[in-house]
Amino acid sequence: MEEKDKKEQEIKAEEQNEEILKVTEKAIEMLRTVFDPEIPVNVYDLGLIYKIDYKPEDKSLHVDMTLTAPHCPMADFIMEDVRQKLLSVDGPEKLDLRLVFEPEWTQDMMSEEAKLELGYL
């Protein structure tokens, strides 16, 4: 009986891992459609997304993000766009979107593609 229970737990853990991966990939895909109107690069490649954590147990998606500057004039617009895009992801029923400023964002956090697009390479 123990071996059957262990196998069932392994299968359940594998299914949860697949669900986490699927939701995370879809969240990233959606975040790559959100742009700061002042910068022609999406928020994900800019390095503004610090954490994407999906919990299948309670179907909650936790995302920590920052802005290029604490007093970004487009903050409300960007946050609402991120919120709407993440709410469209299949799976999560709850969204915890947090704006954080630690660690402070730097240009080093950008992807190579973003640096190339903005002329830093």
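Before reading on, note that the structure itself is shown above.
Residues numbered from 1 in each chain as written. Predicted model: local features only at pLDDT ≥ 70, side-chain atom pairs only at ≥ 80, totals over all residues. Heavy atoms only, no water.

(A) Expanded view of the pattern of salt bridges. The tally for this structure, following the rule as stated, stands at eight salt bridges. Glu 19 is the salt-bridge partner of Lys 59, the closest N and O atoms lying 3.2 Å from each other. Of this pair, Lys 59 sits in the loop between strand 1 (49-55) and strand 2 (60-65) while Glu 19 sits in helix 1 (residues 2-31), and the two are 40 residues apart along the sequence. Note on Lys 59: relative accessible area 28%, which makes it partly exposed. (Salt bridge = Lys/Arg side-chain N within 4 Å of Asp/Glu carboxyl O. Helix = DSSP H or I, 4+ residues; strand = E, 2+ residues; numbered from the N terminus. Buried < 20%, exposed > 50% of the residue type's maximum accessible area, 1.4 Å probe, protein only.)

(B) The environment of Asp 96, seen in detail. As for its placement among the helices and strands, Asp 96 is situated in strand 3 (residues 94-99). Judged by relative accessible area, which is 30%, Asp 96 ranks as partly exposed. Separated by 69 residues in the primary sequence, Asp 96 and Ala 27 have C-alpha atoms spaced 13 Å apart. In contact with Asp 96, other than residues within four places in its own chain, are Leu 61, His 62 and Val 63. (Contact = heavy atoms within 4.5 Å.)

(C) Summary view of empty space enclosed by the protein. Tallied over the entire structure, the rule returns one cavity of 30 Å³ or more. A volume near 30 Å³ is recorded for the largest cavity. Taken together, Leu 61, Leu 86, Leu 87, Val 89, Pro 92, Glu 93, Lys 94 and Leu 95 make up the full set of residues lining the largest cavity. Counting residues per element, the ones that place at least two in the lining of the largest cavity are helix 2 (75-87) and strand 3. Of the residues contributing to the lining of the largest cavity, the split by class is six nonpolar, no polar and two charged. (1 Å grid on protein atoms, 1.4 Å probe; cavity = no way out; pocket = protein on both sides within 12 Å on 5 of 7 lines; lining within 4 Å. Points joined across faces, edges and corners; volume = space filled by probe spheres on them. Nonpolar A, V, L, I, M, F, W, Y, C, P; charged D, E, K, R; others polar.)

(D) Representation of the environment of Thr 106 in the model. Locating Thr 106 in the fold gives a position in the loop between strand 3 and helix 3 (112-117). Overall, the relative accessible area of 34% leaves Thr 106 in the partly exposed class. Through-space distance from the C-alpha of Thr 106 to that of Thr 68 is 7.5 Å; in sequence the pair is 38 residues apart.

(E) Seen up close, the pairing of strand 2. When you tally the buried positions in strand 2, you get five out of six residues, the bulk of the element. Inspection of the sheet shows strand 1 paired to strand 2 by six bridges, in the antiparallel sense. Of the residues in strand 2, the one forming a bridge with Ile 49 is Met 65. Hairpin remark: strand 1 followed by strand 2, antiparallel, with four residues in the connecting loop; positive phi at Lys 59, about 55°. As paired elements, strand 2 and strand 3 share six bridges and run parallel to each other. Bridged to Ser 60 within strand 3 is Lys 94. Each parallel crossover has a hand, and for strand 2 linked through helix 2 to strand 3 it is right-handed. (Pairing = 2+ DSSP bridges. Right-handed = clockwise from strand over helix to strand, strands pointing away.)

(F) Highlighting unusual backbone geometry. Note that the residue after Glu 102, namely Pro 103, is joined by a cis bond; omega there is 0°. With respect to the helices and strands, Pro 103 occurs in the loop between strand 3 and helix 3. Although it is not a glycine, Lys 59 sits at a positive phi angle of roughly 55°.

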